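Listed below are the residues making up each chain.
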Amino acid sequence: MIIRNPNIANLKAGYLFPEIARRRREFASAHPSDVRIISLGVGNTTEPILPHICGGLVEGSRRLGTIEGYLGYQDEGLLELREKISEVFYGRKFDADEIFISDGAKCDIGRLQTLFGAGTRVAVQDPSYPVYVDGSVLSGAAGVWENNGYHGVAYLPCTAENGYFPDFSLVPENSLVYFCSPNNPTGVVSTREQLAELVKFALKKGCIVVFDAAYSEFIRDPSLPKSIFEIDGAEQCAIEVQSFSKSAGFTGVRLGWSVVPKALKYADDESVNADWARLAGTVFNGASNIAQTGALAALDSEGLKEMRRLTDFYLENARLIKGALQNLGISSIGGDNSPYIWARFPGRDSWDVFAEILERYRIVTTPGAGFGPSGQSFIRFSAFGRRADVEEACERLKSFKV
Ligand code: MLT
């Protein structure tokens, strides 16, 4: 018989969001009720794709039915889209062959670690998006779950005490550092000075930063950086993963990109960019041409306005949720430049608070402990929801006793 990959056995239980869905189903079948369950749990978009961008998707399909418009494999993505991304997001700082179109940020995060292999040291913000740790464990970069942490993964506590910005002295040299801003789950956005500190540290210690900027389009404060590449020197130490999921409503369409600069090198001076092109060409045949035509529409002037409208909508949801929590005397952060609100329930176990909110108010949230040990006693509220549901959830929560 074939032996199971031991890395899979090293994964901690189930992936967080299916586990939440399982608890929701279990609760719903044990407590049939007329009161509908509202989800403010997983960050899944609810609003229709806006007309201009949707028109791009339709046009992409139409073209595929014509001899002039038909396209087959486009491994690294449509040249026009890669150039447009460089123009819109990076002021043309990158050549098209430094931008790789993907089927989403999560998928690239899952594939990226193949570049570094088993035994790579990994550091993550704690709390963090679970894919960084699970992806590391799957690739064998880390060992087993024990004592609140995976061997081989350094957890960098991000707490109220340190302003949700980690202490890099905990990061071993030559590590892969996952960093997310606007942060999922805390909603905190790192300042320019903080990202400069991250880049300086990475350059000094031989680290590579995987910068997850999937929520950058929610940033409204112009002083806050949207990309790690706004910081000098980042091309020598960072990869950025990005997504159209939340900004254009492409969660189901699937489209993202990664920037892998040519200046980024391994210890032996080989090119990370060349390896990523090699890897992508081997295990990935490129994203949907239809989705890419939709993305081109999202990046013209009309499309950019629509992305702004869509992200404004979710930010208004976030404002309503934050206001409701504030009225209850529950302290929270995030939600201003991000679609996530991180609410604190001192002294409580976050899975217990999750269960209480589900049972008493029929609202699904995400327990902070699911994002790492420092998430204990926190609950994440997602602003991705229909407006009427968000209003109803805020109304239901009015009787919450802290
Ligand atoms: C979440 O944190 O809710 C996730 O970001 C959903 C996703 O994978 O995008």
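Residues numbered from 1 in each chain as written. Predicted model: local features only at pLDDT ≥ 70, side-chain atom pairs only at ≥ 80, totals over all residues. Heavy atoms only, no water.

A. Spotlight on the site of the ligand. Taken together, Phe17, Val42, Gly43, Tyr129, Asn184, Tyr215, Lys246, Tyr340 and Arg380 make up all the residues around the ligand. Tyr215 is positioned such that a nitrogen or oxygen atom in its side chain is 3.1 Å from an oxygen atom of the ligand. In the model, an oxygen atom of the ligand is placed 2.8 Å from a nitrogen or oxygen of the Lys246 side chain. Contact with the protein chains covers 84% of the free accessible surface of the ligand, which is 270 Å². The cavity where the ligand resides is the largest pocket. In terms of residue class, the shell around the ligand is made up of 5 nonpolar, 2 polar and 2 charged. Mapping the shell around the ligand onto the domain boundaries places at least three of its residues in each of domain 1 (9-48 + 303-399) and domain 2 (52-300). (Near = heavy atom within 4 Å. Polar contact = N/O pair within 3.5 Å; in protein donor to acceptor, adjacent residues only side chain to side chain. Areas by Shrake-Rupley, 256 points an atom, 1.4 Å probe, with all protein chains shown as cover. 1 Å grid on protein atoms, 1.4 Å probe; cavity = no way out; pocket = protein on both sides within 12 Å on 5 of 7 lines; lining within 4 Å. Sits in = over half its atoms within 2 Å of the grid points. Nonpolar A, V, L, I, M, F, W, Y, C, P; charged D, E, K, R; others polar. Domains from an automatic or database assignment.)

B. Spotlight on helix H13 (residues 387-396). Residues of H13 that are buried: Asp389, Val390, Ala393, Cys394 and Arg396. Each buried residue of H13 sits inside an arc of 160 degrees when the element is viewed along its axis, so together they form one side. Packing partners of the buried residues in H13 comprise strand E1 (38-39), helix H11 (301-327), helix H12 (350-361) and strand E13 (363-364). (Buried < 20%, exposed > 50% of the residue type's maximum accessible area, 1.4 Å probe, protein only. Helix = DSSP H or I, 4+ residues; strand = E, 2+ residues; numbered from the N terminus. Arc of directions from axis to C-beta. Contact = heavy atoms within 4.5 Å.)

C. Examining the sheet that holds strand E9 (residues 238-243) more closely. Ordered in space as E2-E10-E9-E8-E7-E3-E6, the 7 strands form an open sheet in which the pairing is mixed. A strand with exactly one partner marks an edge of an open sheet, and here the two such strands are strand E2 (99-102) and strand E6 (153-157). On average, each strand axis in the sheet is inclined to that of its neighbour by 20 degrees, with strand direction left out of account. Here strand E3 (residues 122-126) pairs with E6 via 5 bridges, running parallel. Across the sheet, Val124 pairs through a bridge with Tyr155, a residue of E6. In the packing of helix H5 (residues 105-112) onto the sheet, the strands contacted are E2, strand E7 (176-180), strand E8 (208-212), E9 and strand E10 (256-259), and the crossing angle to E9 comes to about 150 degrees. (Pairing = 2+ DSSP bridges. Axes fitted to C-alpha atoms, helices over the stretch in contact; angles between N-to-C directions.)

D. Examining the packing of aromatic side chains more closely. If you walk through the whole model with that rule in mind, you get 26 aromatic pairs. Between the aromatic rings of Tyr90 and Phe94, the centroid separation amounts to 5.5 Å while the plane-to-plane angle is 80 degrees, which identifies the pairing as edge-to-face. This pair shows no difference in class: Tyr90 is buried, exactly as Phe94 is. Taking the centre distance of 6.0 Å and the plane angle of 65 degrees together, the rings of Phe165 and Phe179 count as edge-to-face. Taken together, the residues Phe165 in the loop between E6 and E7 and Phe179 in strand E7 connect sequence positions 14 residues apart. Look at Phe179 and you get buried, because its relative accessible area is 1%. Through pairs of rings, three or more aromatic residues link up here, namely Phe89, Tyr90, Phe94, Phe229, Phe244, Phe250 and Trp257. The ring centre of Phe284 lies 4.2 Å from the NZ or CZ of Arg111, which sits over that ring. Its guanidinium or amino end placed over the ring of Tyr340, Arg380 lies 3.9 Å from that ring's centre, counting from NZ or CZ. (Phe/Tyr/Trp six-rings, centres within 6.5 Å; stacked < 30°, edge-to-face > 60°. Lys NZ or Arg CZ within 6 Å of the ring centre and 35° of its normal.)

E. Summary view of the confidence of the model for the chain. Chain-level statistics for the chain give a pLDDT mean of 94 and a share of 97% at 70 or above. Here residues 144-148 scores under 50 on pLDDT; set against residues more than four positions off or in separate chains, the count is 11 contacts. (pLDDT = per-residue confidence, 0-100.)

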